[in-house]
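Residue-level listing of the chains:
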Amino acid sequence: MVLLTRKIEFAASHLYHNPDFSPEENRRVFGKCNNPHGHGHNYTLEVTVAGEPDPVTGMVLDLKDLKEILEREVMQRMDHRFLNYEVPELAGQIPTCENIARVIWNLLDPKIKQGKLHRVRLYETPDLFADCYRNGSERAQA
Amino acid sequence: MNPGSHNSAVKTELGRRYRFSASHRLHNPDLSEGENTRLYGKCNNPYGHGHNYILEVLVSGKIDPATGMIANLADLDGFVEREVLEPFDHKSLNEDVDAFRGTVPTTENLCIEIFRRLKPFPKAKLERIRVQETSNNSFEYAGDNPDGFEG
């Protein structure tokens with residue numbers, strides 16, 4: 001098996017706020033991330049696909065195809081957007097790195113037809129990231 | 001809040017990077033001077049030397065729908081600060097950390113000691129750690145986690 005990784009970057013804004021919490025609770029739990037006007041990050045996304053290289057092309061999957069999938073599913077949806085208000089998949093969720101990574105996993109997984117999505121790593125800053133993997137039992141069946 | 005895309009088929013981990021600077025000397029008192037020099041080279045310099053270490057900590061758990069978080073970063077940062085950064089940063093690993101009184105503070109052993117210190121983190125499961133000693137050398141340790149390196 002070979003792992004192939006492609007990286008893209010997008011810029012987006014967000015804020016953390018749970019309407020079920022009091023204003024004090026929101027500030028205590030979310031700190032600076034609770035600023036009502038939001039704030040932004042340059043996100044770096046690494047998408048890793050696992051598979052056997054095709055004997056004819058030598059490729060696990062065509063990087064051009066992966067690039068198009070990432071452009072359509074991630075860039076067009078999230079780049080230069082306010083994640084809370086403009087990304088329907090995140091509606092009603094706190095757009096933490098964990099939740100955004102999970103949304104990206106769910107968007108990409110059904111679209112990758114050659115090889116299998118192995119890992120989604122989303123960096124919110126160089127010091128903070130979230131990883132998504134196929135869960136153990138699912139992986140065994142994969 | 002909407003648990004949204006929560007889906008048990010996907011496992012999510014949170015990764016956080018920290019930095020500390022410390023000195024060490026690689027020396028095994030059971031070996032001869034010649035053997036120490038041959039084995040550890042420059043790292044055996046009797047006065048020690050230092051590194052800017054980068055520590056990566058990966059934890060997993062259920063994403064709390066109320067906060068969107070596996071663990072609150074303030075809790076993780078506080079725990080790592082108390083257990084690792086405060087006792088290790090700007091210290092001599094050989095002289096200031098009890099665990100290295102009888103163990104050579106290679107980065108392999110440093111990984112094992114840091115993992116032992118972070119394992120009891122109460123808010124999420126410690127999956128693995130990675131310690132970068134220089135931009136060319138890094139080490140990972142997952143304890144006895146069965147799929148610690150696989151996510």
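Just so it is clear, the model here is predicted, and its values are computed rather than measured. (Residues numbered from 1 in each chain as written. Chains lettered and ligands numbered in written order. Predicted model: local features only at pLDDT ≥ 70, side-chain atom pairs only at ≥ 80, totals over all residues.)

## Overview of the overall build of chain B
Here is step 1 of the chain: Counting its regular elements, chain B contains four helices and five strands.
Here is step 2 of the chain: Considered along the principal axes of its C-alpha atoms, chain B spans approximately 65 × 30 × 25 Å.
Here is step 3 of the chain: Across the 151 residues that make up chain B, the buried fraction comes to 29%.
Here is step 4 of the chain: A separation threshold of at least 6 residues defines the contact pool for chain B, and within that pool the share at least 24 residues apart is 64%. (Helix = DSSP H or I, 4+ residues; strand = E, 2+ residues; numbered from the N terminus. Buried ≥ 20, exposed ≤ 12 C-beta atoms within 10 Å, placed from the backbone. Contact = placed C-beta atoms within 7 Å.)

## Focus: the pairing of strand S5 (residues 128–134) of chain A
Here is step 1 of the chain: Counted residue by residue, S5(A) has six buried out of seven residues, so it is predominantly covered.
Here is step 2 of the chain: Both strand S4 (residues 116–125) of chain A and S5(A) contribute to a ladder of six bridges, which runs antiparallel. Looking at the pairing, Tyr123(A) lines up with Phe129(A) of S5(A).
Here is step 3 of the chain: The loop that links S4(A) with its antiparallel partner S5(A) comprises two residues.
Here is step 4 of the chain: Pairing analysis gives seven bridges linking S5(A) to strand S1 (residues 10–24) of chain B, with the strands arranged antiparallel. (Pairing = 2+ DSSP bridges.)

## A word on the nonpolar core
Residue and element names in this part refer to chain A.
Here is step 1 of the chain: Ala 101, Ile 104 and Leu 122 are the most contacted members of the largest nonpolar core, which has 55 residues in total.
Here is step 2 of the chain: Among the elements that line this core, the one with the most residues is helix H4 (residues 97–108), at seven residues.
Here is step 3 of the chain: Residues contacting Ile 104, with those up to four places away along its chain left out, are Leu 45, Val 74, Val 120 and Leu 122.
Here is step 4 of the chain: Tyr 16, Val 29, Phe 30 and Ile 94 belong to the second-largest nonpolar core, a separate cluster that totals five residues. (Core = buried A, V, L, I, M, F, W, Y, C linked by C-beta atoms within 7 Å.)

## Notes on the pairing of strand S2 (residues 49–60) of chain B
Residue and element names in this part refer to chain B.
Here is step 1 of the chain: Note: S1 against S2, 12 bridges, orientation antiparallel. Counted as the bridge partner of Tyr 18 is Leu 55 from S2.
Here is step 2 of the chain: The pairing of S2 with strand S4 (residues 125–134) spans seven bridges and is antiparallel. In the strand pairing of S4, Val 57 is matched with Ile 129.

## Notes on the environment of Ile114(B)
All names here are of chain B.
Here is step 1 of the chain: In this fold, Ile 114 is placed in helix H4 (residues 107–118).
Here is step 2 of the chain: Residue Ile 114 is classed as buried on the basis of its C-beta count, with 25 C-beta atoms lying within 10 Å.
Here is step 3 of the chain: Sequence separation of Ile 114 and Glu 83 is 31 residues, and the distance between their C-alpha atoms is 8.2 Å.
Here is step 4 of the chain: Apart from the residues within four sequence positions on either side, Ile 114 is in contact with Leu 55, Val 84, Ile 129 and Val 131.

## What to know about the interface of chain A and chain B
How big an interface is tends to be expressed through the accessible area that disappears when the partners come together.
Here is step 1 of the chain: Each side of the interface is counted separately: chain A has 30 residues, and chain B has 25 residues.
Here is step 2 of the chain: When contributions to the side of chain A that touches chain B are tallied by element, the ones reaching two or more residues are H4, S5 and helix H5 (136–141) of chain A.
Here is step 3 of the chain: By residue class, the composition of the side of chain A that touches chain B is 12 nonpolar, nine polar and nine charged. (Nonpolar A, V, L, I, M, F, W, Y, C, P; charged D, E, K, R; others polar.)

## A short note on unusual backbone geometry
Here is step 1 of the chain: Positive phi, normally seen in glycine, also occurs at His80(A), with a value near 60 degrees.
Here is step 2 of the chain: Here the phi dihedral of His90(B) falls at roughly 60 degrees; this positive angle occurs in a residue that is not glycine.
Here is step 3 of the chain: Turning to its location among the elements, His90(B) is positioned in the loop between helix H2 (73–88) and strand S3 (91–92).

## Description of the environment of Val97(B)
All names here are of chain B.
Here is step 1 of the chain: Take Val 97: it is sitting in the loop between helix H3 (93–96) and H4.
Here is step 2 of the chain: With 18 C-beta atoms packed within 10 Å, Val 97 lands in the partly exposed category.
Here is step 3 of the chain: Residues Val 97 and Glu 113, 16 residues apart in the sequence, show an inter-C-alpha distance of 10.0 Å.
Here is step 4 of the chain: Excluding anything up to four places from it in sequence, Val 97 contacts Pro 87, Phe 88 and Lys 91.

## Here we look at H4(A)
Here is step 1 of the chain: When the terminal C-alpha atoms of H4(A) are compared, their 16 Å separation across 12 residues agrees well with the 16 Å that a helix rising 1.5 Å per residue should span.
Here is step 2 of the chain: Among the 12 residues in H4(A), 10 count as buried, and that is most of the element.
Here is step 3 of the chain: Listed as buried for H4(A) are Cys97(A), Glu98(A), Asn99(A), Ile100(A), Ala101(A), Arg102(A), Val103(A), Ile104(A), Trp105(A) and Leu108(A).
Here is step 4 of the chain: Buried-residue contacts for H4(A) involve strand S2 (39–51), helix H2 (63–78), helix H3 (83–86), S4 and S5 of chain A together with S1 of chain B. (Expected span 1.5 Å × (residues − 1).)

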